[in-house]
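# Fold and geometry: a report
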Amino acid sequence: MPWLSYQKALNRALGDELARDPAVFVLGEDVRVAVSNVTAGLFKRFGPDRVLDTPLSEQAFTSFATGAALSGRRPVIEFQIPALLYLAFEQIVNQAHKFSLMTGGQARVPVTYLVPGSGSKTGWAGQHSDHPYALFAHAGVKTAVPATPEDAYGLLTSAIRDDDPVVVFAPAAALGKRVDVDHEGLGPVPLGVGRVHREGQDVTVVAIGHLVHDALAVAEELADEVSVEVFDPRTVYPFDWDGLAASVARTGRLVVVDDSNRMCGLAAEVVATAAERFDLVSPPVRVTRPDGAVVPFALALDHAVQPDRAQLAAAITKVLKQ
Amino acid sequence: MALLTAVAHAPGSDVGLYRTVRLIRRFEERAVELVRSGDIVGGIHPYTGQEAIAAGVCAALRVDDVITSTHRGHGHVLAKGADPGRTLAELAGRATGLNRGRGGSMHAADFALGILGANAIVGANGAIAAGAAWAARQEGGDRVAVSFFGDGAVNQGVLLEALNLAALWRLPVLFVCENNGYATTLTVSDAVAGTITGRGAAFGIPSATVDGMDPRAVLDAAREAVDRARAGGGPSLVECLTYRFDAHHTWEHKARVRYRADDEVRSGRERDPVTIQGDRLSDEDRERVDAEVEYTVDAAVAFALGSPHPDPVGALDHLYATGMRARPGGGG
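Described in the following lines is the structure provided in the data block. (Residues numbered from 1 in each chain as written. Chains lettered and ligands numbered in written order. Predicted model: local features only at pLDDT ≥ 70, side-chain atom pairs only at ≥ 80, totals over all residues. Heavy atoms only, no water.)

## What about the pairing of strand S10 (residues 203-207) of chain A?
All names here are of chain A.
- Most of S10 sits inside the fold, with five of its five residues counted as buried.
- Here S10 shows a buried face lined by Val203, Val205 and Ala207 and a second buried face lined by Thr204 and Val206.
- Between S10 and its parallel partner strand S11 (residues 228-232), the chain crosses via helix H9 (residues 211-221), and the hand of that crossover is right-handed. (Buried < 20%, exposed > 50% of the residue type's maximum accessible area, 1.4 Å probe, protein only. Helix = DSSP H or I, 4+ residues; strand = E, 2+ residues; numbered from the N terminus. Right-handed = clockwise from strand over helix to strand, strands pointing away.)

## A few points about the interface of chain A and chain B
- Between chain A and chain B, the contact holds 44 residues from the first and 41 residues from the second.
- Buried surface at the junction of chain A and chain B, both sides included, amounts to about 3,400 Å², of which 61% is carbon and sulfur.
- Contact with chain B buries surface across chain A, with Phe64(A), Leu101(A) and Gln106(A) losing the most and accounting together for 19% of the total.
- Linking chain A with chain B are one salt bridge, by the criterion used here.
- For the salt bridge of Glu269(A) with Arg327(B), the shortest nitrogen-to-oxygen distance reads 2.6 Å. (Contact = heavy atoms within 4.5 Å. Buried area = accessible area lost by both parts, 1.4 Å probe. Salt bridge = Lys/Arg side-chain N within 4 Å of Asp/Glu carboxyl O.)

## As for helix H10 (residues 215-230) of chain B
Residue and element names in this part refer to chain B.
- Between the first and last C-alpha of H10 there are 22 Å, a value that for 16 residues agrees with the 22 Å anticipated at 1.5 Å per step.
- Where H10 is concerned, the buried positions are Pro215, Val218, Leu219, Ala221, Ala222, Ala225, Val226, Ala229 and Arg230.
- Buried-residue contacts for H10 involve helix H2 (14-36), helix H3 (51-59), strand S3 (173-179), strand S6 (207-211), strand S7 (236-241) and helix H13 (273-278).
- Trailing H10 by a residue or two, glycine 232 shows a phi angle of about 90 degrees, which is positive. (Expected span 1.5 Å × (residues − 1).)

## Focus: the packing of aromatic side chains
- What the rule picks out here adds up to twelve aromatic pairs over all chains.
- The interplanar angle of 55 degrees and the centroid separation of 5.7 Å between the aromatic rings of Phe64(A) and Trp134(B) together place this pair among those described as tilted. Residue Phe64(A) is found in helix H3 (residues 58-70), and its partner Trp134(B) is found in helix H6 (residues 125-138); the two belong to separate chains. Assigned by exposure class, Phe64(A) and Trp134(B) land together as buried. (Phe/Tyr/Trp six-rings, centres within 6.5 Å; stacked < 30°, edge-to-face > 60°.)

## Digging into the sheet that holds strand S3 (residues 51-53) of chain A
Residue and element names in this part refer to chain A.
- Read across the open sheet, the seven strands follow the order S3-S2-S4-S5-S7-S6-S12; overall the sheet is mixed. Here the strands that pair on one side only, and so sit at the sheet edges, are S3 and strand S12 (235-237). Taken pair by pair, the neighbouring strands of this sheet meet at an average axis angle of 20 degrees, ignoring direction.
- Note that strand S2 (residues 24-28) and S3 share three bridges and pair parallel. If you follow valine 26 over to S3, its bridge partner there is valine 51.
- Sheet contacts for helix H8 (residues 149-161): S2, strand S4 (74-78), strand S5 (112-118), strand S6 (142-144), strand S7 (166-171) and S12; angle to S5, the most-contacted strand, approximately 155 degrees. (Pairing = 2+ DSSP bridges. Axes fitted to C-alpha atoms, helices over the stretch in contact; angles between N-to-C directions.)

## Quick notes on the sheet that holds S6(B)
All names here are of chain B.
- Strand order in this open sheet of five strands is S1-S2-S3-S7-S6, and the pairing throughout is parallel. Two strands in the sheet have a free side with no partner beyond their single neighbour: strand S1 (66-68) and S6. Neighbour-to-neighbour, the strand axes of the sheet open up by a mean angle of 20 degrees, direction not taken into account.
- Alignment of S6 against S7, held across five bridges, turns out to be parallel. For aspartate 211, the partnering residue across the bridge sits in S7 and is leucine 241.

Written as structure tokens, this is what we have:
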């Protein structure tokens, strides 16, 4: 079977949806020449009415997409830099997200906000290295963080077909992942359904995005000592609470590895919900970025604020001892 | 019956324009009463004094054209054809309101009539209108989009970005600036460097200033801009000089914020769009329209106040277009 990279999976999902539905179009900065590679070949294939290069006007083109969506289109906006979402937070959270409720159900805003290269890209410093998926989960905007090429394809496809706004974070650290897949077998992955990448009996590790791969590596390293189940929610909002509950019911222990800042991050919500709903045999542990982290430039400093495998291994050991 | 007489007049006729400005005026006056009585909570931003703009612009539009409106949006919504009873029911937070009581004064919308909603964030709607205009052009046909905004919005970056996009892509958008002299309490001279039409001109957008108290002057300018947009000539900006007769928001009725001299308010109210347009009608026609409007507004008030309140069980109905349900709050 052919190899599919994560980046190519995003590209393939965009191409397939553009071909399938004439209402779909892609807009963003430098999408015509595909600076990020995610839109490679699409301009040539679909033309200027379906692949729009925008000026550097994130706020206007984000609400431009809302206006087009209110009129029946299905825009996909590519944001080159995760922090651009801060600039367009009003347009996504306060406009696009609120139209359905505020209009009493008259409006739907099927916009996809795609961030290829979220989180640290190692060496891109303070304003290019954030991973703000928890902010959108907090606001109630549907948010996916695919870990693998097939889920990148499937979740982006579902996001484009969804009638609500959806943010898709494609972690920089996952973009190079490749998988041997049958292209015919690729298909939509429903929003809100998690995936158990590795079954285990002793502890459930909830891992998000690129950290799924770290969690799988740690599980393998520790395989002689502990049986680790790796649960990937795939969408952080809606979150597959039932899927997690089933996993924790099997293991009784919980570790969360999350590329959010610790304060009010996604791991905080998972641990809080676990405390309310689940019967844990030991207190859960979070592995996250520090509170309020600003990613420093120098590589050693950048790495120092990212959740890492050693921290995860220590966390697993800790919940097992208690 | 009085109702039947005005219906026969086109919105852009003198009788039609008068009917619209009179309807908005009486609707707003009754809405202010309902704020005072507590039937409308949260207050409103009254449109009184600015009626000529909504009436003139919307008379230049077809039902399939779209508008985006502002926090001071009742006039636009009514002029585009929304049912006064359902509009007032929305202001009063009733289940029968345009938005089922989920939007209120600042978000009134009727998508079936191309009313993509009032919007509570100043300057936010220009880019939405630009996107709607682009989508309309993609579909073929010659539909246009209108973005209404106030003088305060011309200092919002997103609106300036939207002007650039609209000009760059020659989108069929009409940007209508209602310059009532004040961004809440801040005067235009204290807020705007350069000019409002200068902002349009900087992007190569045909930009004109008109008398925003005269419905016919607004209609003429709007028709020219709409014709240009339909013909593929791109966006226009029309600055309508106007004066807000009432408070920025009804909280001022209690708060007594002082920022306009009594003399200024008195002289500002001397040129009244309802009077200006009414003087163009025979006494007989005017009285007929007045009676019809009273009937309509009375019926709207009766409908709104007689309508049920929405069931709190469904407070977050429509949060997601797909029907997805959110986890409950409380202790659940």
